[in-house]
Amino acid sequence: MSQVEQLLKYQEEDAKLLQIEREANNSEELKNYSIAKNFLTTKAPEKLEALDAKAREIGSLAKELEEKYKEIAETLNDFDNVDELIDGGADISFYKKNVLQISERLKGIKAEINALTKAVKDADDEYQAMKKKTIAVQKQYEEYRKVYLQYKEQKLAEMKTVQTELNKLAKGIDGEVMKSYQIKRSERIFPILCVVVNGRCSKCGTELSLAGKEKIAGGRVTECDNCHRFLYKG
């Protein structure tokens, strides 16, 4: 059997392996397993970290409100003896002004408390929703993992059968040619071996060089200058 014939048989068998690889990489089994795994290992931790940061922010706001409350409480102490002070001739307008200022500050604190209460509720709702989803995905993950591992085992067995045949065929092919073939395959070039039609590559249409035509005429394999596939005389 000539090198060209051997390479064509190898490529034919290799196409089967490539098809199995594509099926495995695009399978629903792998897709479901990957999505569930990504959620549990990446998305869920990121979401929980964000919720934790939000909780720290809410805690910081709560402390600020506590300090504002203490400040107002201290101000209100000034009004404990206000009746005696007014009876003693103190300016009542001064105290009215202070009362208005305190009233405005209390309104502002009330609005902040309402916003903080809503933030606490929203954060709790997010946490409960994430907790519920995480539990559901954990159950799905175990199921998807089991199905995927069974599918993977099946595909690996199919690949092993094809690879055994490829190893046998490779023994009849020149080592340098085989090395070059594997490099091209790793670069996602397929088919790697194409027939020459009217002095041109049948894959990309590039005309062969004079040296390339001489090789082809001699029954040898040459390489396309454009797409870098192996070319042979049909």
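Being a predicted model, the structure only gives us computed values, none of them experimental.

1. Concerning helix H5 (residues 175-186)
The first and last C-alpha atoms of H5 sit 17 Å apart over 12 residues, in line with the 16 Å expected at 1.5 Å per residue. Structurally, the start of H5 carries an N-cap: the backbone nitrogen of Glu176 is 3.1 Å from a side-chain oxygen of Asp174. Immediately beyond the C-terminal end of H5, within one or two residues, lies Arg188, with a positive phi of roughly 65°.

2. Observations concerning the packing of aromatic side chains
A full pass over the atoms with the stated rule returns 3 aromatic pairs. With 5.1 Å between their ring centres and 90° between their planes, Tyr10 and Tyr181 make a pair best called edge-to-face. Taken together, the residues span a long stretch of sequence, with Tyr10 in helix H1 (residues 3-25) and Tyr181 in helix H5 at a distance of 171 residues. Judged by relative accessible area, which is 4%, Tyr10 ranks as buried. Judged by its relative accessible area of 0%, Tyr181 is buried. Ring geometry for Tyr33 and Tyr141: centres 5.7 Å apart, planes at 20°, overall stacked.

3. Considering the packing of H1 against H5
Put simply, H1 and H5 touch, their axes get as near as 13 Å, and they point 30° apart. As summarised for this structure, H1 and H5 are arranged roughly parallel, according to the angle between their axes. Crossing angle aside, the handedness with which H1 passes H5 is right-handed. Listed contacts from H5 to Leu7, Tyr10, Gln11, Asp14, Leu17, Leu18 and Glu21 of H1 are Val177, Met178, Tyr181, Gln182 and Arg185.

4. Quick notes on the pattern of salt bridges
Summed over the entire model, instances satisfying the criterion amount to 13 salt bridges. Taking the shortest distance from any N to any O, the salt bridge between Asp122 and Lys118 comes out at 2.8 Å. Residue Asp122 and its partner Lys118 are located together in helix H4 (residues 92-170), separated by 4 residues, close to a single helical turn. What makes Lys118 exposed here is its relative accessible area of 52%. Measuring nitrogen to oxygen at the nearest pair gives 3.0 Å for the salt bridge that ties Lys121 to Asp125. Remark: Asp125 and Lys121 occur in helix H4; sequence separation between them is 4 residues, near one turn of the helix. Judged by relative accessible area, which is 36%, Asp125 ranks as partly exposed. Within this structure, Asp14, Glu21 and Arg185 form a network of salt bridges that share partners.

5. Things to note about the layout of surface pockets
Counted as a void, the largest pocket has a volume near 220 Å³. Forming the walls of the largest pocket are Gln3, Val4, Leu7, Asp174, Val177, Lys215, Gly219, Arg220, Val221, Thr222, Glu223 and Phe230. Elements with a minimum of two residues in the lining of the largest pocket: H1 and strand E3 (222-223). Looking at the lining of the largest pocket, the element that brings in the most residues is H1, giving 3 residues. Taken together, the residues that form the lining of the largest pocket break down as 5 nonpolar, 3 polar and 4 charged.

6. With respect to the sheet that holds strand E2 (residues 200-201)
The strand order across the open sheet formed by 4 strands is E2-E1-E4-E3, and the pairing between neighbours is mixed. Lying at the two open borders of the sheet, with one neighbouring strand each, are E2 and E3. Of the pairings in the sheet, the one linking E3 to strand E4 (residues 230-233) comprises 2 bridges and is antiparallel in character. Across the sheet, residue Thr222 finds its bridge partner in E4, namely Leu231. With respect to the sheet, H5 is in contact with E3 and E4, its orientation differing from that of E4 by roughly 125°.

7. With respect to the environment of Val221
Inspection of the secondary structure assignment puts Val221 in the loop between helix H6 (210-217) and E3. Given a relative accessible area of 24%, Val221 falls into the partly exposed group. In this structure, the C-alpha to C-alpha distance between Val221 and Lys233, residues 12 residues apart in sequence, is 8.0 Å.

8. Things to note about the pairing of E4
Across 4 bridges, the pairing between strand E1 (residues 193-197) and E4 is parallel. Bridge pairing links Val196 to Lys233 in E4. From the end of E3 to the start of E4, which pair antiparallel, there are 6 residues, and His228 there has a positive phi angle of about 65°.

The rules we used
Residues numbered from 1 in each chain as written. Predicted model: local features only at pLDDT ≥ 70, side-chain atom pairs only at ≥ 80, totals over all residues. Heavy atoms only, no water. Helix = DSSP H or I, 4+ residues; strand = E, 2+ residues; numbered from the N terminus. Expected span 1.5 Å × (residues − 1). Polar contact = N/O pair within 3.5 Å; in protein donor to acceptor, adjacent residues only side chain to side chain. Phe/Tyr/Trp six-rings, centres within 6.5 Å; stacked < 30°, edge-to-face > 60°. Buried < 20%, exposed > 50% of the residue type's maximum accessible area, 1.4 Å probe, protein only. Axes fitted to C-alpha atoms, helices over the stretch in contact; angles between N-to-C directions. Parallel < 35°, antiparallel > 145°, perpendicular 65-115°, else oblique. Left-handed = near helix turned anticlockwise from the far one by under 90°. Contact = heavy atoms within 4.5 Å. Salt bridge = Lys/Arg side-chain N within 4 Å of Asp/Glu carboxyl O. 1 Å grid on protein atoms, 1.4 Å probe; cavity = no way out; pocket = protein on both sides within 12 Å on 5 of 7 lines; lining within 4 Å. Points joined across faces, edges and corners; volume = space filled by probe spheres on them. Nonpolar A, V, L, I, M, F, W, Y, C, P; charged D, E, K, R; others polar. Pairing = 2+ DSSP bridges.

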